[in-house]
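Inside the fold
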Amino acid sequence: MTEPVLEVTGISKQFPGVRALDGVAFRLFPGEIHALMGENGAGKSTLIKVLTGVYQADEGRMTLDGAERRVHDPPHAQRLGISTVYQEVNLCPNLSVAENIFIGREPRKFGRIDWARIRRRSAELLARLDLDLDVTAPLGAQSLAVQQLIAIVRAIDLDAKVLILDEPTSSLDRGEVERLFGVMRRLRDDGVAILFVSHFLEQIYEVCDRVTVLRNGRLVGEYPIGELGRFDLVSRMTGQELHDLEQLEEAAPAITRGRRLLALEGAGRTGAITPVDLEIHEGEVVGLAGLLGSGRSELARLVFGAEAADTGRVRVGEETVALRTPRAAIDRGIAFCPEDRKADGLVMDLTVAENIVLALQAARGWTRPLPPRRRDELVGEYIRKLRIQPPSPGTPVRNLSGGNQQKVLLARWLITRPRLLILDEPTRGIDVGAKTEIQKLVVALAGDGIGVLFISAELEEVLRLSHKVEVLRDRTLVAELANDGSLTPERLLGTIANGAS
Amino acid sequence: MTTALALPAVHRRHVPVLVTFGLFVLAFATGALRYENFGTAQVFADLFIDNAFLLVVAIGMTFVILSGGIDLSVGSVVALSGMLCAVGTSRLGLPGPLVILVVLLVGTLFGAAMGYVIHVFEIQPFIATLAGMFLARGLCFTISEKQISIENGFFDTVALNRVALPGGVRVSAGAIIALVTFAAAVYVLHWTRTGRNVYAIGGGEQSALFMGLPVARTKIQVYAISGFCSALGGVLFAFYTLSGDGLHAVGMELDAIAAVVIGGTMLTGGSGYVVGTLLGVLVLGVIKTMLTFEGTLSSWWTRIAISVLLFAFIALQRLVGIRRRARSSPSASSPAPASPSPTS
Ligand SMILES: Nc1ncnc2c1ncn2[C@@H]1O[C@H](COP(=O)(O)OP(=O)(O)OP(=O)(O)O)[C@@H](O)[C@H]1O
Ligand SMILES: [Mg+2]
């Protein structure tokens, strides 16, 4: 076998109170796609940040192309040929799409930046991922998935010999994932070494050649992907024998439909979504499926009053209401758990407990603080149920791993026990085990009579949980499919692609 | 590609600058209608002559604010530079150009030092430059507690001569230097990597770092540029007053910040244009000129007018900002009240 391009041994990293990495060794060979697997908080992102100089390891050595190296900071990593997409999108929202792809390495002509070329090249690069956008628009105006793709485009155009992708697919749908894999395979064939993190097992088995498993900051092992079955992989990640995964099949929805909670009657908004008819009942889980930009999020925003409908009627119960502001929706018992935890969800400097009770406290009003005992109970319960790691309520959310942050955001909305809960990509970046827990919780909520509007790019998940699935395409509701057991992911996918089935 | 789509997006970003432009035209037209001899090319040119130093200082401030920082030391550095000009020429008898060169170097290093402190020790720009402000002002008075007048052939020549433009309009060297500085700033901010890095850092320092941009270097550069501009502003101020005085340019940092904000640059960084700053300075200048033409009003009215404008512009920025966010794409969905803040 050839020499590894990148090799680390004995890497340890201690954070106050947490040993995030403990003597980890890791090798990356040219021309391979290497998966880094582990539960939320296992230390994957920390390892990546150590490799790219965001953090300095407390112990351990790193060699790059056979020579021992210390990486000082991310720019240094880039100069050494390591290009990275970090877990949280790290681009500049105030700059244009094109500039975000090229900043720091802008092509120049006569000493000045060649803007025309930047625009042309970025449009070309985006076209390779089948993205056709206005490259002069500010990045902040793009959806999270598109931002993620732009970050990827930037990273793969850096001509690196090592490409690191930390959960690049967490908000992408199948089509984009396929295109991304196409690009990754091509780069691999050109000899680039790719490190790939994802919580989707199918994706790992689809593109990766080898896999390294971490658990609680320790190395479990390195395996060729062909020699490790799914169940072995999961049990190596969790340290337990796998029985949870099968259980979730049993959790298939039992229909206990109650009174009607909400009805959209021809409600739509020009430019955002064409008029839709939709009913949600108590105890019903309604899934929204569709490709990126199909109008999934627009529909959710309409229900939540973040965008007011300009045609049709919205009824809550029997009453016709105008949901013009989120406040109006909240007052009627509608809660919304947003997709972008970093930009509009969590308050990074507050603790886990404070973040969890935020919405509940706001609903009670600030003059009626939650009794401390009740608060501790609730927080403790959800930390346990969602397996938030580390399980201490006093940790600042900033210090949690990405998946654990997501769980905190979810807990915030789950404890408010609204009448209708809108979940936009609630399991984004969450590991297999915890995902099962979350899905069970959703089923339990519905069992208690709460209506749930469930958005996810992962079709299996939508199918597993929903009583009915609303399929959107080109900002139009094209089909409503009852999830009566005959609905398969393939049929759903066909409907998404071709319209009414 | 999709120009039809691109245009509105670009326009929205330009709204604050366009508003400032409209405001300036309106103010100037009002003056021209109200007072005789106001609506002339010479009055317009005088705006540049009388505000050359403010323009230069405000340009430096624009860099700092775009990067998400603030520089409170500029007024003191202007005073210190004027003082050094006076001491260098009149007390030490050094040649004018040499003195100017040294002064520019001192200002640049002073700014770079502040930038270094801000970056390396992670001190708030507000605090670090406040310290810089006291330091520079203090240095002025240790050099001399009294005003020193500049008696130097070079300074006299530059200060007293006017360049005649076609149409009988005459401008000072200071005004020309200010405009050259302006052109240079436009070029740097739009056409060079350093300039774009300034915007990137203002948009998100951590993101800029993760994207591999030279954050440390750029931050130090930004304060060095501001220091340079302050020193240059001090030199222009010395041309204008032909003296150095520790009491010169007290509070000029606030005028500079006001000009930048009125010019549409966001105090949070990452968004704005130097053209806006030029217009901001002109708006302030035209208000001052109108008060001089009025003759009877006290100069405090300038302050009051500036404060009203500042409020109006901050309100405008909020509005444009909110609209932009609301229009931004669906799934960048930020229903603000979804995460209730304690204020709601
Ligand atoms: N800056 C920090 N300060 C303190 N603790 C931290 C910090 N960053 C990470 N940690 C802790 O280190 C551990 C590993 O986190 P890391 O982000 O590497 O997990 P991960 O494997 O990437 O998880 P995920 O799948 O959720 O992204 C976690 O317990 C986390 O709480
Ligand atoms: Mg991670």
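All values derive from a computational prediction rather than experimental measurement. (Residues numbered from 1 in each chain as written. Chains lettered and ligands numbered in written order. Predicted model: local features only at pLDDT ≥ 70, side-chain atom pairs only at ≥ 80, totals over all residues. Heavy atoms only, no water.)

Bringing the overall build of chain A into the picture now. Along its length, chain A carries 18 helices and 22 strands. A globule of 501 residues ought to have a C-alpha radius of gyration of about 23 Å, and chain A, at 23 Å, matches this closely. Referenced to the eigenvectors of the C-alpha coordinate spread, the extents of chain A come out at roughly 70 × 55 × 50 Å. Relative to its full complement of 501 residues, chain A shows a buried share of 58%. In chain A, once contacts between residues fewer than 6 apart in sequence are set aside, the share between residues at least 24 apart is 66%. Of the roughly 19,400 Å² of accessible surface on chain A, a fraction of 48% belongs to carbon and sulfur atoms. (Helix = DSSP H or I, 4+ residues; strand = E, 2+ residues; numbered from the N terminus. Rg over C-alpha atoms; globule rule 2.2 N^0.38 Å. Buried < 20%, exposed > 50% of the residue type's maximum accessible area, 1.4 Å probe, protein only. Contact = heavy atoms within 4.5 Å. Areas by Shrake-Rupley, 256 points an atom, 1.4 Å probe, with all protein chains shown as cover.)

Residue and element names in this part refer to chain A. With distances of 1.9 to 2.1 Å, the protein atoms coordinating the magnesium ion (ligand 2) are Ser45 (OG) and Gln87 (OE1). With Ser45 in helix H1 (residues 44–51) and Gln87 in the loop between strand S6 (82–85) and helix H3 (97–102), this pair connects stretches of sequence that are 42 residues apart. The burial state of Ser45 is the same as that of Gln87; both residues are buried. (Donors = N, O, S within 2.8 Å, 3.2 Å for Na, K, Ca; no water.)

Another point: the site of ligand 1. Residue and element names in this part refer to chain A. Among the 22 residues in the neighbourhood of ligand 1, the closest are listed as Lys44, Ser45, Thr46, Ser401 and Gly403. Within the backbone of Gly41, one N or O atom sits 2.8 Å away from an oxygen atom of ligand 1. One of the side-chain N or O atoms of Thr46 is found 2.5 Å from an oxygen atom in ligand 1. Protein chains bury 91% of the 640 Å² of accessible surface belonging to ligand 1 in isolation. If you list the elements that add at least two residues to the shell around ligand 1, you get strand S2 (18–28), H1 and helix H15 (402–414). Along the lines of polarity and charge, the residues of the shell around ligand 1 split into seven nonpolar, twelve polar and three charged. (Near = heavy atom within 4 Å. Polar contact = N/O pair within 3.5 Å; in protein donor to acceptor, adjacent residues only side chain to side chain. Nonpolar A, V, L, I, M, F, W, Y, C, P; charged D, E, K, R; others polar.)

This part covers the domain arrangement of chain A. Residue and element names in this part refer to chain A. Along its sequence, chain A is organised into domain 1 (6–243), domain 2 (246–333 + 418–501) and domain 3 (345–417). Between the C-alpha centres of domain 1 and domain 3 there is a distance of 30 Å. Across the contact, five residues belong to domain 1 and eight residues belong to domain 3. Taken as a group, Asn40, Gly41 and Gln87 account for 67% of the area that domain 1 buries against domain 3, more than any other trio of residues on that side. The tally of links between domain 1 and domain 3 comes to zero salt bridges. Put simply, domain 1 and domain 3 have one residue pair in polar contact (both at pLDDT 80 or more) between them. Of the residues assigned to the side of domain 1 that touches domain 3, the class counts are no nonpolar, three polar and two charged. (Domains from an automatic or database assignment. Buried area = accessible area lost by both parts, 1.4 Å probe. Salt bridge = Lys/Arg side-chain N within 4 Å of Asp/Glu carboxyl O.)

All right, on to the nonpolar core then. Ranked by internal contacts, the top residues of the largest apolar core, which has 155 residues, are Met37(A), Leu126(A), Ile150(A), Met184(A), Phe196(A) and Val211(A). With 18 residues, the single largest contributor to this core is helix H2 (residues 41–66) of chain B. With near-sequence residues (within four places) excluded, Ile150(A) lies in contact with Leu91(A), Val97(A), Asn100(A), Ile101(A), Leu126(A), Leu133(A), Leu139(A) and Gln142(A). By size, the runner-up hydrophobic cluster in this structure holds 51 residues, among which are Val285(A), Leu400(A), Leu414(A) and Ala446(A). (Core = buried A, V, L, I, M, F, W, Y, C linked by side-chain atoms within 4.5 Å.)

With that settled, consider the layout of surface pockets. Taken as a whole, the second largest pocket holds about 750 Å³ of empty space. Along its surface, the second largest pocket is lined by 33 residues, and His119(B), Leu209(B), Leu213(B), Val215(B) and Ala216(B) are the ones closest to its centre. Only helix H2 (74–79) of chain A together with helix H4 (96–120), helix H8 (193–203), helix H9 (205–210) and helix H10 (215–241) of chain B provide two or more residues apiece to the lining of the second largest pocket. Residue composition of the lining of the second largest pocket, grouped by class: 14 nonpolar, ten polar and nine charged. (1 Å grid on protein atoms, 1.4 Å probe; cavity = no way out; pocket = protein on both sides within 12 Å on 5 of 7 lines; lining within 4 Å. Points joined across faces, edges and corners; volume = space filled by probe spheres on them.)

A contiguous nonpolar surface patch, about 580 Å² in accessible area, is contributed by Tyr116(B), Val120(B), Phe121(B), Ile123(B), Phe126(B) and Ile127(B). The set of elements that each furnish at least two residues to the nonpolar patch consists of H4 and helix H5 (125–143) of chain B. (Patch = residues over 30% accessible without salt bridge, like charges linked within 9 Å, V, L, I, M, F, W, Y side chains within 5 Å.)

What follows deals with the pairing of strand S16 (residues 311–316) of chain A. All names here are of chain A. As paired strands, strand S13 (residues 260–269) and S16 are joined by five bridges and run antiparallel to one another. Note on S16: the bridge partner recorded for Gly268 is Thr311. For S16 and strand S17 (residues 319–321), the ladder comprises three bridges, and the chain directions are antiparallel. Opposite Val316, over in S17, you have Glu319 as the bridge partner. (Pairing = 2+ DSSP bridges.)

Our next topic: the sheet that holds strand S4 (residues 59–64) of chain A. Residues and elements named next belong to chain A. Pairing in this open sheet of four strands is antiparallel, and the strands run S2-S1-S4-S5 from one edge to the other. Here the strands that pair on one side only, and so sit at the sheet edges, are S2 and strand S5 (67–68). In the sheet, strand S1 (residues 6–15) pairs with S2 via seven bridges, with the strands oriented antiparallel. Bridge pairing in S2 links Ile11 to Val24.

With 13 residues, helix H5 (residues 144–156) of chain A extends 18 Å from end C-alpha to end C-alpha; this agrees with the ideal 18 Å at 1.5 Å per step. Taking burial as the measure, the 13 residues of H5(A) include 13 buried ones, the bulk of the element. (Expected span 1.5 Å × (residues − 1).)

Next up on the list: the packing of aromatic side chains. Applying the stated criterion across every chain, the model contains 16 aromatic pairs over all chains. Note on Phe154(B) and Phe155(B): the rings are 6.3 Å apart at their centroids and 85 degrees apart in plane angle, and the pair reads as edge-to-face. With relative accessibility at 33%, the residue Phe154(B) sits in the partly exposed group. Aromatic ring contacts, followed pair by pair, group Phe24(B), Phe28(B), Tyr35(B), Phe38(B), Phe44(B), Phe48(B) and Phe293(B) into a single cluster. Seen from the ring of Tyr382(A), Lys385(A) lies directly overhead, with NZ or CZ sitting 5.0 Å from the centre. (Phe/Tyr/Trp six-rings, centres within 6.5 Å; stacked < 30°, edge-to-face > 60°. Lys NZ or Arg CZ within 6 Å of the ring centre and 35° of its normal.)

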